[in-house]
Every structure is written in C-alpha cells, then in structure tokens.
Amino acid sequence: MLTDRKVGEERRFFLKKLFNFLFFLASISFTLLGLIVFKPSNPKRRDYIFYSVPEDRIPNEGVKKVDIKIENLSKSFKIFLVKKDNSLIAFSPACTHLGCFVNFDINSMEFVCPCHGGRYDIEGKAVAGPPKDPLNRLPIKIENKKVYVGIKI
Amino acid sequence: MKKKFYPDYLVEILFFAIITFELILILAFVFPPQIGKEIDFLGSYKPRPEWYYLWLFFLLRFFPADTVFIGGILIPLVVLSFLIFIPWIDKKIGWRLTALIAFAILVLLIVATLIEGLL
Amino acid sequence: MSIIDWFLDRFRLKTLHRGIFDRDIPEGINYFYCFGGIAFTALLVCIISGLFLSVHYIPSEKEAYQSIIKIHEEVYLGKLIRGLHKWSANVLIVSIVIHSIRVFITKSYRPPRELNWIVGVLIFVVVMLESFTGYLLLWDQKAYWATVVGTNIAGSIPIIGETVLLLIRGDYEVTGKTLIRFYSLHILWFPLIMMILLWAHFHMIKRLGISKPL
C-alpha cells in the first residue's frame, strides 16, 4: 500500500514537471514566433536616388531650402543647399538627435530643431542643444551644369 | 447602521459610473477632436506629443544623441521598477521615506509636464 | 424572466450574485475609493467607441488620413465617437493615476495585495502603450513626428537598437508598414493583454477583499 502511494506521488510529480515543461516550451515558441512574425520581411536600406535641383533654387551665397518633388510617390521632400566659399553642400533636414526636421533661422544663420532646440551652424556642425553629430550631407552630382542631389526615399 | 455593498455601495458605484460617462460626453461635445494637418516634409512643424508624454519629451532635452536611451528608456524603467517594488521598498525603508521618493517623482513629472507644455 | 433564469441555470450562474453582491466592505471608506471604478468605466467607453471607430477606419498609408476625415465629417455621429474615444482615454489615464495615489496613501499594496499592485502597474504600462500606438493611427503631422521621435528612442539602445527599431517599424523609416503594425497592436494585442491583466486585478480584489482603511 505504502509503495503504491509513493509510486502515485512520483507519477504525479513527474506529470507536474512535464506540464511545466510543456507550458514553458509553448511560451518560448510563442515568443519566438512573435519575433519572427514581427521581423520585417525585407527591409531595404534605400539607395540614393538623384533628383535635379531647379537652377533658380541654387544659392549664390548662403542657404536655401529646396523642395524636391518625388513624382512617383506624389510626395515632396525638403533639403537645404548651402553655398559657402564656392562649394555647394546639401544637407538632409533630419536632426541627428531624434529625427525631427530642422528649420533654418535666418537671423542667427543657424539650423534649429523644433523638437528639443538643437542648433547647427551653417556647415552643419552641432553647436548647441542635445545633438552631437553634424547634419547628414547628401551627395551632389553635377552633370551638364545641372545639379543633382541624392535622396534616400 | 453598517452600509452594505448591496444596495448602498452599488448605487454609489453606478452613480459614479454615470457621472464619468456624462463627463466624457460633455468633454467630447465641448472640446471635439480636431483633424490634424496632413503629413508633409516641407513646412516647419513643431512636434509635440500628447500631454501624458510631455515629461518624457522634456527629459530628452538633457540627453545628447549618444545617450538618448538613458533618458528615453533607462529612467522610465527605473521609475517603473520603483513602482513595481514599492511593497518591498516600503518594508525595507518604511512608508514615510517611500512616500517621499514617490512624491518627489510625481512632482518632477508634473513640473516637467508643465514646463514642456507651456514652452 | 424565465428565459434569463434558464440561461443562468445552464451556465450554472444561479449563485453568481453571491460573489458579486455579498462582499464585505470595510467601514470608513471614502469617495477616493471610486477612482478604480471610474477608470474601468472610462475603459469601457474607450473599448465601445473604439469598436465603432474600427468599422470605418482604414489602416493604410494612403487612406488612413482620408478615412479619419470621413469619420469626422460624413459618418453619422462620427465626430462624437472620436471625441468619446479621445476623452475617455484622457479620463482613463488621469483616474488611473489618482487611483494608484489612493492605493499608495491607504497602504493597500501591503501583503497580501502586493501582486495586485504589480498587476495594476502593468495595466498602467499597457494603457500608456495603447495611447502611444493610438497616436499614429491618425496619420497626421503630430502622429507621424511623435512616432518618429518615439521609435527613434527605442532605436537608440546600444547593440540591439537597430533590431528593435526594425521590429517596431517594420522598415527603416516610419511607413505604412509601421501603421498597420501599430493598428494591430492597438486593437488586438494590447487590449488582449489588458483583458488578462484586468481579470487578474478583479479576481484578486474579489478574493482578497477591499483593504481596511487605516
């Protein structure tokens, strides 16, 4: 009798372990499946596509905001063109802090981020506020005297 | 006479439920939601979150790009684990001290929300 | 009446009232004890108005904004339902905060109710995540930039940041994929988690009773 009860207890103990293990397995597989499902199928790092800049939007000296129309997406995108010491630089407007789009403040000649007040000077260097990295530069191509700026979109 | 759950407290609970519903209804009528501007990447726009995330937005002012996760993730997690472990913290250091810490956190949150909201 | 009795009998719920109505309420509780109930009412309003909104909302990059305008202007009572959804979410957050302050001041989180406190904190976290994912569904300027900033915070975690960012956004940028992801989280995942947590919360209140006021 005693041994019978002991065997029963052992069996119950084993079943309990088994159920715990199955529960553990189910939760692990659910988590893994969730991660797999949430993983994007093929995220692409976009390549630069070059868009031409209208001639009247190229600054002789200083900064100009250029709106570039992307035809096939029916979207528009803004970039900043800076001409300084005869060299043309194109800046992406995304703040390097958290990705808000910066504006150009004509009084202080600085790019100002509206989110947390980060400031960049005319060469894109971070001068005040939380950002540390300079504004991202976009590649510029000049062909037949027309200016093309590369945008990732 | 001792008040019972049924009917004394139940009536009060239902009364408050109805009051809450009325309050929400009045708010919805008096301050209807607006339609925001359509997404565009051209104009200048000043992004601000809803009021209950303003404290987090304010906190991020003090963390430069390479340490954003400290302000954005680590500090909220610390506050959260403080909240979760309050029953044990209370046992360890006493209610008064716990209340002091909790009150300080609450005041900081409210002040941060107000500063960011009024800015 | 007999058909109700029949249903109750078939569900073996004839003694249900004993669980709900025959509970001990300690003496000396005040009106601050109502805020849990107020939060639950606000949550119910949130769920019901959300059910109605989901009928007309289209979670796609091109149509989301248009469908919001349609709900606002064309759908009968659409503006009111949007208002209910928005304001009940606000009332919910405020009343949860007041409720948790009440629980803290009356020391109700002490044993045996520690787990109930933890579940409550988790409910608050889920509510905050619900409101964050609810943002983007409007697909307007505020929604877009709030999501850009919010997901960039998650992306700033060292080492695993980029993976987390991809899991949340579904792409390197905030796009239509992010929208549909947030939609699913907002209307299915988080409410489901919240249901389970709420059940645990109420079950423990029922079993442990309301704490005695000091």
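Throughout what follows, the structure given in this document is the object of discussion. (Residues numbered from 1 in each chain as written. Chains lettered and ligands numbered in written order. Predicted model: local features only at pLDDT ≥ 70, side-chain atom pairs only at ≥ 80, totals over all residues. Heavy atoms only, no water.)

1. Quick word on helix 3 (residues 35-56) of chain C
Inference 1: Over its 22 residues, helix 3 of chain C extends 32 Å from the first C-alpha to the last, a length consistent with the 32 Å expected when each residue adds 1.5 Å.
Inference 2: Buried residues along helix 3 of chain C sit in contact with helix 1 (5-30) of chain B together with helix 4 (64-73), helix 5 (78-105) and helix 9 (176-208) of chain C. (Helix = DSSP H or I, 4+ residues; strand = E, 2+ residues; numbered from the N terminus. Expected span 1.5 Å × (residues − 1). Contact = heavy atoms within 4.5 Å.)

2. Concerning empty space enclosed by the protein
Inference 1: One pass over the full model with this rule turns up two cavities of 30 Å³ or more.
Inference 2: Quantified by volume, the largest cavity comes out at close to 80 Å³.
Inference 3: Lining the largest cavity are 14 residues, with F101 of chain A, G43, S44 and Y45 of chain B together with W145 of chain C sitting closest to its centre.
Inference 4: Looking at the lining of the largest cavity residue by residue, the classes come out as eight nonpolar, four polar and two charged.
Inference 5: Taken as a whole, the second largest cavity spans an internal volume of roughly 30 Å³.
Inference 6: Along the walls of the second largest cavity sit Q34, I35 and G36 of chain B together with Y65, I68, R82, L138 and D140 of chain C, which together make up its complete lining.
Inference 7: Of the residues that constitute the lining of the second largest cavity, the class distribution is four nonpolar, two polar and two charged. (1 Å grid on protein atoms, 1.4 Å probe; cavity = no way out; pocket = protein on both sides within 12 Å on 5 of 7 lines; lining within 4 Å. Points joined across faces, edges and corners; volume = space filled by probe spheres on them. Nonpolar A, V, L, I, M, F, W, Y, C, P; charged D, E, K, R; others polar.)

3. Here's the deal with the sheet that holds strand 5 (residues 103-105) of chain A
Residue and element names in this part refer to chain A.
Inference 1: Across the sheet, four strands lie side by side as 5-6-7-8; this open sheet has antiparallel pairing. The open sheet is flanked by strand 5 and strand 8 (126-128), the only strands paired with a single partner.
Inference 2: Pairing of strand 5 with strand 6 (residues 110-112) involves three bridges; the strand directions are antiparallel. Looking at strand 6, one finds that N103 is bridged to V112. (Pairing = 2+ DSSP bridges.)

4. Here we look at the packing of aromatic side chains
Inference 1: Counting across every chain of the model gives 30 aromatic pairs over all chains.
Inference 2: Each ring, one from Y144 of chain C and one from W145 of chain C, has its centre 5.1 Å from the other, and the planes form 90°; the classification is edge-to-face.
Inference 3: Note on Y144 of chain C: relative accessible area 9%, which makes it buried.
Inference 4: The exposure class of W145 of chain C is buried, given its relative accessible area of 4%.
Inference 5: The structure contains a cluster of three or more aromatic residues connected by ring pairs, namely F77 and F101 of chain A, F41 of chain B together with W139, Y144 and W145 of chain C.
Inference 6: The positively charged end of K141 of chain A is found above the aromatic ring belonging to F50 of chain A, 4.1 Å away from the centroid. (Phe/Tyr/Trp six-rings, centres within 6.5 Å; stacked < 30°, edge-to-face > 60°. Buried < 20%, exposed > 50% of the residue type's maximum accessible area, 1.4 Å probe, protein only. Lys NZ or Arg CZ within 6 Å of the ring centre and 35° of its normal.)

5. Details of the interface of chain C and chain B
Inference 1: Listed by partner, the interface residues are 60 residues for chain C and 55 residues for chain B.
Inference 2: Summed over both partners, the interface of chain C with chain B comes to about 5,400 Å²; 76% of that surface belongs to carbon and sulfur atoms.
Inference 3: At the junction of chain C and chain B, the tally comes to two salt bridges.
Inference 4: With a closest N to O distance of 3.5 Å, E50 of chain B and K142 of chain C form a salt bridge.
Inference 5: Summed over the shared surface of chain C and chain B, the result is 17 residue pairs in polar contact (both at pLDDT 80 or more).
Inference 6: Counting residues per element, the side of chain C that touches chain B draws most heavily on helix 5 of chain C, at 15 residues.
Inference 7: Tallied by class, the residues present in the side of chain C that touches chain B amount to 40 nonpolar, nine polar and eleven charged. (Buried area = accessible area lost by both parts, 1.4 Å probe. Salt bridge = Lys/Arg side-chain N within 4 Å of Asp/Glu carboxyl O. Polar contact = N/O pair within 3.5 Å; in protein donor to acceptor, adjacent residues only side chain to side chain.)

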